[in-house]
Amino acid sequence: MRLDEAYVPRDWLRRKYGDEAVGKITAWAIRRNGSEEAVLEAGAPEAVEFFKATPREPPYPPVTASELLTAEQRMGCRLPELLRRLYTEVANGGFGPMPGILGIAPAVEEYLKSPKLNEPLGFPLIDAGCTTWWYVSLTKPGNSVYLFDWDVWDYPERDSPEVAICHTVPTLAEWLGRWADEHDVWP
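The sections below set out a description of the structure shown in this document. Note that the coordinates shown come from a computational prediction; the quantities given were computed from them, not determined experimentally.

## As for the packing of aromatic side chains
For the structure on display, the rule yields 11 aromatic pairs. Taken together, a centroid distance of 6.3 Å and an interplanar angle of 40° make the contact between tryptophan 133 and tyrosine 135 tilted. Here tryptophan 133 and tyrosine 135 have matching classes, each one buried. By the ring-pair criterion, three or more aromatic residues cluster together here, those being Trp133, Tyr135, Phe148, Trp150 and Trp153. Residue placement shows arginine 158 over the ring face of tyrosine 155; its charged tip is 4.3 Å from the ring centre.

## Here we look at the pairing of strand E4 (residues 123-129)
Taken across its seven residues, E4 has six buried, putting it largely inside the fold. Sheet topology note: the E4/strand E5 (residues 132-136) ladder contains five bridges and is antiparallel. Bridged to isoleucine 126 within E5 is tryptophan 134.

## A look at the nonpolar core
One broad trend across soluble globular proteins is that nonpolar side chains are buried collectively. The biggest cluster of nonpolar side chains holds 37 residues, and the ones touching the most others in it are Tyr87, Ile104, Phe123, Leu125, Trp134 and Trp175. Elements with a contribution of two residues or more to this core: helix H3 (65-75), helix H4 (81-90), helix H5 (104-113), E4, E5, strand E6 (145-149) and helix H7 (172-180). Ignoring anything within four residues of it in the chain, the contact list for tryptophan 134 reads Phe123, Pro124, Leu125, Ile126, Ala128, Val145, Tyr146, Leu147, His167, Trp175, Val185 and Trp186. Counting residues in each nonpolar core, the second largest holds 10 residues, with Ala6, Trp12, Ala21 and Ala47 among its members.

## Focus on the packing of H4 against H7
Helix-helix packing is characterised by the crossing angle of the two axes and by the distance between the axes. With their axes 9 Å apart at the nearest point, H4 and H7 run at an angle of 50° to one another. Considered as vectors, H4 and H7 are oriented oblique to each other. Between H4 and H7, the contacting residues are Leu82, Leu83 and Leu86 on the first element and Leu172, Ala173 and Leu176 on the second. Taken together, the residues of the contact of H4 with H7 sort by class into six nonpolar, no polar and no charged.

## Topic: the environment of alanine 65
Inspection of the secondary structure puts alanine 65 in helix H3. We classify alanine 65 as exposed; its relative accessible area is 52%. Sequence separation between alanine 65 and arginine 85 is 20 residues; the distance between their C-alpha atoms is 9.5 Å.

## Some points on unusual backbone geometry
Of note, cysteine 130 is a non-glycine position whose phi angle comes to about 55°, a positive value. Its location among the elements puts cysteine 130 in the loop between E4 and E5. For asparagine 143, which is not a glycine, the phi torsion comes out positive at approximately 60°. With respect to the helices and strands, asparagine 143 occurs in the loop between E5 and E6. Look at asparagine 143 and you get buried, because its relative accessible area is 18%.

## Comments concerning the sheet that holds strand E7 (residues 165-169)
Read from one edge of the open sheet, four strands run E4-E5-E6-E7, paired in antiparallel fashion. Edge strands, defined here as strands with exactly one partner in the open sheet, are E4 and E7. The average undirected angle you get between the axes of adjacent strands in this sheet is 20°. In the sheet, E6 pairs with E7 via four bridges, with the strands oriented antiparallel.

Conventions and cut-offs
Residues numbered from 1 in each chain as written. Predicted model: local features only at pLDDT ≥ 70, side-chain atom pairs only at ≥ 80, totals over all residues. Heavy atoms only, no water. Phe/Tyr/Trp six-rings, centres within 6.5 Å; stacked < 30°, edge-to-face > 60°. Buried < 20%, exposed > 50% of the residue type's maximum accessible area, 1.4 Å probe, protein only. Lys NZ or Arg CZ within 6 Å of the ring centre and 35° of its normal. Helix = DSSP H or I, 4+ residues; strand = E, 2+ residues; numbered from the N terminus. Pairing = 2+ DSSP bridges. Core = buried A, V, L, I, M, F, W, Y, C linked by side-chain atoms within 4.5 Å. Contact = heavy atoms within 4.5 Å. Axes fitted to C-alpha atoms, helices over the stretch in contact; angles between N-to-C directions. Parallel < 35°, antiparallel > 145°, perpendicular 65-115°, else oblique. Nonpolar A, V, L, I, M, F, W, Y, C, P; charged D, E, K, R; others polar.

Function-wise, these values are silent; they only describe arrangement.
Written as structure tokens, this is what we have:
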């Protein structure tokens, strides 16, 4: 999630402003629950109107050190130090490339759900849509970041998950730095 973008429900936008608001949409986002959201510039009047009654608290407050340790114990491994600091000092997900890094609880659930991916890919960072996911390595120096496409992994019973890695960034810091500097992280 970027700070210069705002996600507004498509249906609300059309009800409130009609079809003329469609010209201000910079992109569309589909959320996991199936809702369709318009991506607007953060300062657009429509975005300001939608969020004017929103509480001014962090949308994803950081997790406590205890919550992080509990999550790591469930997984049986330690997260990269940079990711640990982000979860405990910045936010419990919701930041990073669209649609944002998963919160610790859903990321751990995804990690535990797909054990065959844990060794070669690591920890799930972002459900990037369709069948692609960003993962961060828990074993490689610098914690490489991988873009993994489930559709490419045709024969999971035969092939290693590495055959479905579509893109690699050498380190988590570099990947996040590219996003923070407003560069595209997508291949």
